[in-house]
Amino acid sequence: MFVWLRGPSGSTVRCWAAGSGVDRRQATGLVCDRAETPWDLAERQVRAWQPLVDWAAETHGAWLRVTRGVVPVVQPPAALAALGRAVVDLDDLLLTAVSATAGRTGSLVIALALVAGHINAGEAWEAAQVDENFQREQWGEDGEDTARRTQIKADIEAAGRFAMLCFNAKKG
């Protein structure tokens, strides 16, 4: 969640409300909360998500905790603050891409990695779909789910293209 505050000079400042439970969950939940079993799913989660958790630590100083099982881990305030700084440092256009991607992937970490060019839209999509892909392999697909997933993938691809255009325009 972003809050617009009026500064002493009358200027408007964008702040990330890191105290919101929704934001904390979206910031870290997908990539930090992992399955204990089945082993195949747990292994896929590590392969897809640990590099993103490592990137968040190395790039933003967001040293996130990872857990296995059904109880979500409480993240260190310093890690959440680091993610908050990464968001606040974005310009409005890149913030738009992060917001769209985080909403569609369920992960601020994936969104930041996409917008930074650390991963591409296809990689963001795959990282966001680890659990769903596993479930579809177990139980099959249905038409509604396929249509929903197609739209989500298109949205992530559009956000990735938008971020790339923003970077190119800044270079240009």
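Keep in mind that this is a model prediction, so the values were computed, not measured.

Draft legend 1. Local environment of the overall build of the protein. Secondary structure summary: the protein contains eight helices and four strands in total. For the protein, the sequential pattern of α-helices and β-strands runs β-β-α-β-α-β-α-α-α-α-α-α. Taking all 172 residues of the protein together, the buried fraction comes to 42%. Residue pairs at least 24 apart in sequence account for 56% of intrachain contacts in the protein once pairs closer than 6 positions are excluded. Summing over all exposed atoms, the protein offers an accessible surface of approximately 9,400 Å²; the carbon and sulfur share of this is 58%.

Draft legend 2. Quick look at the packing of helix H2 (residues 39-60) against helix H5 (residues 108-115). Running from N to C, H2 and H5 point in directions that differ by 70°, and their axes come no closer than 10 Å. As far as their axial angle goes, H5 and H2 are roughly perpendicular. Contacts between H2 and H5 involve Leu-52, Trp-55 and Ala-56 on the former and, on the latter, Val-109, Ile-110, Leu-112 and Ala-113. Broken down by class, the residue content of the contact of H2 with H5 amounts to seven nonpolar, no polar and no charged.

Draft legend 3. Representation of H5 within the structure. By the criterion of burial, H5 is predominantly enclosed, with eight of the eight residues buried. Inspection of H5 places Leu-108, Val-109, Ile-110, Ala-111, Leu-112, Ala-113, Leu-114 and Val-115 among the buried residues, and these make up the whole buried set. Of the residues flanking the start of H5, the one acting as N-cap is Ser-107, its side-chain oxygen 3.3 Å from the backbone nitrogen of Val-109.

Draft legend 4. Molecular detail of the nonpolar core. Within the largest apolar cluster, 43 residues are counted, with the highest numbers of intra-cluster contacts made by Val-31, Leu-52, Leu-64, Ile-110 and Leu-112. Taken together, the elements giving at least two residues each to this core come down to helix H1 (21-32), H2, helix H3 (77-88), helix H4 (92-105), H5, helix H6 (121-128), helix H7 (130-139) and helix H8 (143-171). Among the elements that line this core, the one with the most residues is H5, at eight residues. Excluding residues within four positions of it along the chain, Val-31 makes contact with Trp-49, Leu-52, Val-53, Ser-107, Val-109 and Ile-110.

Draft legend 5. Broad picture of the side chain of Arg-34. Looking at where Arg-34 falls in the secondary structure, it is placed in strand E3 (residues 33-34). One buried charge, Arg-34, has no salt-bridge partner; the nearest side chain with opposite charge is Asp-54, at 7.2 Å. A distance of 3.0 Å separates a polar atom in the side chain of Arg-34 from the backbone oxygen of Val-31. Only 3.0 Å separates the side chain of Arg-34 from the side chain of Gln-50, close enough to count as a polar contact.

Draft legend 6. Region of the structure containing H4. Its 14 residues give H4 an end-to-end C-alpha distance of 20 Å, which sits within 8% of 20 Å, the value for a rise of 1.5 Å per residue. Among the residues making up H4, those that are buried are Leu-94, Leu-95, Ala-97, Val-98, Thr-101, Ala-102 and Thr-105. Buried residues along H4 cover an arc of 160° about the axis, so they all sit on one side. One side-chain oxygen of the residue at the start of H4 lies 3.0 Å from the amide nitrogen of Leu-93, identifying that residue as Asp-91. Looking one or two residues beyond H4, the residue adopting positive phi is Gly-106, at roughly 80°.

What counts, and where the lines are drawn
The residue numbering used here restarts from 1 in each chain and proceeds along that chain's sequence as written. Since the coordinates come from a predicted model, pLDDT governs what is reported: local features require at least 70, and pairs of side-chain atoms require 80 or more to be given and counted, while whole-chain, interface and lining totals use all residues. Computation of side-chain values: all heavy atoms of the structure, hydrogens and water removed. Runs of E in the DSSP output that reach at least two residues are strands. Runs of H or I that reach at least four are helices, and both are numbered from the N terminus. Think of it in three bands: with a 1.4 Å probe and only protein chains considered, a residue is buried below 20% of the maximum accessible area for its type, exposed above 50%, and partly exposed in between. Throughout, a contact is declared for two residues whenever any of their heavy atoms are within 4.5 Å. Computed with a 1.4 Å probe, the accessible areas rest on the Shrake-Rupley method; for each residue, only the protein chains presented here act as cover. Throughout, an axis means a line fitted to C-alpha atoms (over the contacting stretch in the case of helices), and angles, computed between N-to-C directions, take values from 0 to 180 degrees. When describing relative orientation, an angle under 35 degrees is termed roughly parallel and one over 145 degrees roughly antiparallel, while 65 to 115 degrees is termed roughly perpendicular and anything else oblique. Throughout, the ten residues Ala, Val, Leu, Ile, Met, Phe, Trp, Tyr, Cys and Pro are labelled nonpolar, Asp, Glu, Lys and Arg are labelled charged, and all others, Gly among them, are labelled polar. Counted as a polar contact is a pair of N or O atoms within 3.5 Å, where, for protein atoms, one must be capable of donating a hydrogen and the other of accepting one, and residues adjacent in sequence contribute only when both atoms are in side chains. For the purposes of this section, nonpolar cores are sets of buried Ala, Val, Leu, Ile, Met, Phe, Trp, Tyr and Cys residues that join through side-chain atoms within 4.5 Å. Under the convention used here, Asp and Glu are negative, Lys and Arg are positive, and both His and the chain ends fall outside the count. We define a salt bridge as a contact between a side-chain nitrogen of Lys or Arg and a carboxyl oxygen of Asp or Glu at a distance within 4 Å. Here the expected length of a helix is defined as 1.5 Å per residue gap, with one fewer gap than residues. Of all possible arcs, the one meant is that of the directions from the helix axis to the C-beta atoms.

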